[in-house]
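# Report on the structure
Listed below are the residues making up each chain.
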Amino acid sequence: MNKSITSILDLDSASINKIFKNIKKFKKNKTINKYKGKTIGLLFEKFSTRTRLSFESAIAKLGAYPIFINKSDTQLSRGESIFETARMFSLYLDGLVYRTDSHNKLLDFNSKATIPVINALSEFEHPTQILSDLFTMKEHFNNKSLKSLKIAYVGDSNNISNSFALAVKVLDLNIFFCCPDEYNKSLKKINKDFKKLKISNNIMKSTKDVDVIYTDVWTSMGMEKENRKRLKAFKNFQISKDIINNANKKVVFMHCLPAHIGEEVTEEVLNSENSIIYKQAENKLYTAMALIDYILSS
Ligand code: CP
Ligand code: NVA
């Protein structure tokens, strides 16, 4: 069975619930030497602090050996194909954590690899982040069912929003997506056949009485050239105290980080009592342990 996680859609609700249980287990019992002798590669074509460190540390805590692979040190950067690379990596590794500059390349790698591949962010999805964040919501709201939470995602339709949108398909979540009209394309695309996503451009309506407000940067990695245009287009989509006050009294603020303070969120909100960004960042470690365990277990 191919246990790759290239997308949230590679998991069904039963496996996600099992992963949540394991995240909890690893949070209690942080070091388990279960996978001695296994080797996991980490191929990163984009910057990373949290995802790289959490996975590298998780692999070590599970007794396996992490090998960080800088793309520019491999023959990939000299033109060797992704298909050939997948065949080679499969000879030496037991799994790959892959942050890529092209989602299609990740799928091409996965199509030829005989080892499981975890998507550690592509321009289209960031499934491990969303799994960790959904766990954090469940944990924060004392194990309340995710379906019963009202969640608002405000900002760009990007890898984070897309993984949330696909998670709606699998877990039937109640998410209000709020983006400027010219920046909701990928969500609209996901919704073309699905038709159940709630997409709006009205920030007050989308955040009214919600339990969770989630945002992400307006300019994702690789889109830096569009930064000035985006700053203008998104200026009314900032999470400020007024937006927090529009939500449920006990609303939590979430952000995958890194944040651009003064753009998508004010400093006041980012560092407020409503903010659970450090809980989110911490849980990435236990989520990484649960996901490595998922791909390595038979
Ligand atoms: N949230 C997240 O993926 O952060 P990094 O880019 O630092 O890995
Ligand atoms: N949307 C952001 C997420 C970073 C974790 C990006 O792709 O840069």
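Use the structure listed above.
This is a predicted model, so every value here is computed, not measured.

### A closer look at the packing of aromatic side chains
Tallying each qualifying case throughout the model produces 11 aromatic pairs. Aromatic side chains phenylalanine 20 and phenylalanine 135 sit 6.3 Å apart centroid to centroid with 50° between the ring planes, which places their arrangement in the tilted category. Within this pair, whereas phenylalanine 20 is found in helix H1 (residues 13-28), its partner phenylalanine 135 is found in helix H5 (residues 127-140), the two being separated by 115 residues in sequence. For the residue pair phenylalanine 20 and phenylalanine 135, the accessibility class agrees, reading buried in each case. Each ring, one from phenylalanine 234 and one from phenylalanine 237, has its centre 6.4 Å from the other, and the planes form 75°; the classification is edge-to-face. For the pair phenylalanine 234 and phenylalanine 237, a shared accessibility class is recorded, and that class is buried. In this structure an aromatic cluster arises from ring pairing among Tyr153, Phe164, Phe177 and Tyr214. Above the ring of tyrosine 294, the side-chain terminus of lysine 3 is found at 4.6 Å from the ring centroid. Note that arginine 52 overlies the ring of phenylalanine 68, its terminal NZ or CZ placed 3.4 Å from the centroid.

### Here we look at the packing of helix H6 (residues 159-171) against helix H7 (residues 185-194)
Where H6 contacts H7, the axes come no closer than 9 Å and their chain directions differ by 15°. Considering their axes alone, H6 and H7 lie roughly parallel with respect to each other. As for how H6 packs across H7, the hand of that crossing is right-handed. Side by side, H6 and H7 meet where Ser161, Asn162, Ala165, Leu166, Val168 and Lys169 of the first sit next to Ser186, Leu187, Ile190 and Phe194 of the second.

### Description of the state of the cysteines
Such a bond, covalent and formed between the sulfur atoms of two cysteines, is termed a disulfide. Summed over the entire model, instances satisfying the criterion amount to zero disulfides. Here cysteine 256 stays unpaired: no disulfide links it, and the sulfur of cysteine 179, its closest cysteine neighbor, is 14 Å away.

### So, the pattern of salt bridges
Per the stated rule, a full pass over the model turns up nine salt bridges. In this structure, lysine 27 engages glutamate 139 in a salt bridge whose closest nitrogen and oxygen atoms are separated by 2.7 Å. Pair noted here: lysine 27 is in helix H1 and glutamate 139 is in helix H5, with a separation of 112 residues, a long-range link. Given the relative accessible area of 30%, glutamate 139 is considered partly exposed. Between arginine 52 and glutamate 56 there is a salt bridge; the shortest N-O distance is 2.8 Å. A residue pair is termed a helical-turn pair when its members lie 3 or 4 positions apart in one helix, as arginine 52 and glutamate 56 do in helix H2 (residues 50-61) at four residues. Glutamate 56 sits in the partly exposed class, given a relative accessible area of 21%. Among the ionic contacts, a cluster of salt bridges with common partners joins Glu45, Lys71, Asp101 and Lys105.

### Some words on the side chain of aspartate 211
Mapped onto the elements, aspartate 211 comes out in the loop between helix H8 (203-207) and strand S8 (212-215). Those residues in contact with aspartate 211 that sit more than four places away from it in its chain are Phe141, Ser148, Leu149, Lys150, Asn248, Lys250, Val251 and Val252.

### Quick word on the site of ligand 1
For ligand 1, the full set of nearby residues is Ser48, Thr49, Arg50, Thr51, Arg99, His126, Gln129, Cys256, Leu257 and Lys284. A distance of 2.9 Å separates an oxygen atom of ligand 1 from a polar atom in the side chain of histidine 126. The protein chains hide 95% of the 260 Å² of surface that ligand 1 would expose on its own. For the shell around ligand 1, the residue count by class is two nonpolar, five polar and three charged.

### Looking at the sheet that holds S8
The strand order S7-S6-S5-S8-S9 describes an open sheet built from five strands, whose pairing is parallel. Each edge of the open sheet carries a strand with a single partner, namely strand S7 (198-200) and strand S9 (252-255). Within this sheet the neighbouring strands show an average axis-to-axis angle of 20°, counted without direction. Note: strand S6 (residues 174-178) against S7, three bridges, orientation parallel. Within S7, the residue paired with phenylalanine 177 across the bridge is isoleucine 199. Against the sheet, H6 touches strand S5 (150-154), S6 and S8, its axis set at about 145° to S6. Strands in contact with helix H12 (residues 277-296) are S8 and S9; relative to S9, the strand with the most contacts, it is inclined by about 50°.

So, how was this worked out
- Residues numbered from 1 in each chain as written.
- Chains lettered and ligands numbered in written order.
- Predicted model: local features only at pLDDT ≥ 70, side-chain atom pairs only at ≥ 80, totals over all residues.
- Heavy atoms only, no water.
- Phe/Tyr/Trp six-rings, centres within 6.5 Å; stacked < 30°, edge-to-face > 60°.
- Helix = DSSP H or I, 4+ residues; strand = E, 2+ residues; numbered from the N terminus.
- Buried < 20%, exposed > 50% of the residue type's maximum accessible area, 1.4 Å probe, protein only.
- Lys NZ or Arg CZ within 6 Å of the ring centre and 35° of its normal.
- Axes fitted to C-alpha atoms, helices over the stretch in contact; angles between N-to-C directions.
- Parallel < 35°, antiparallel > 145°, perpendicular 65-115°, else oblique.
- Left-handed = near helix turned anticlockwise from the far one by under 90°.
- Contact = heavy atoms within 4.5 Å.
- Disulfide = S-S within 2.5 Å.
- Salt bridge = Lys/Arg side-chain N within 4 Å of Asp/Glu carboxyl O.
- Near = heavy atom within 4 Å.
- Polar contact = N/O pair within 3.5 Å; in protein donor to acceptor, adjacent residues only side chain to side chain.
- Areas by Shrake-Rupley, 256 points an atom, 1.4 Å probe, with all protein chains shown as cover.
- Nonpolar A, V, L, I, M, F, W, Y, C, P; charged D, E, K, R; others polar.
- Pairing = 2+ DSSP bridges.

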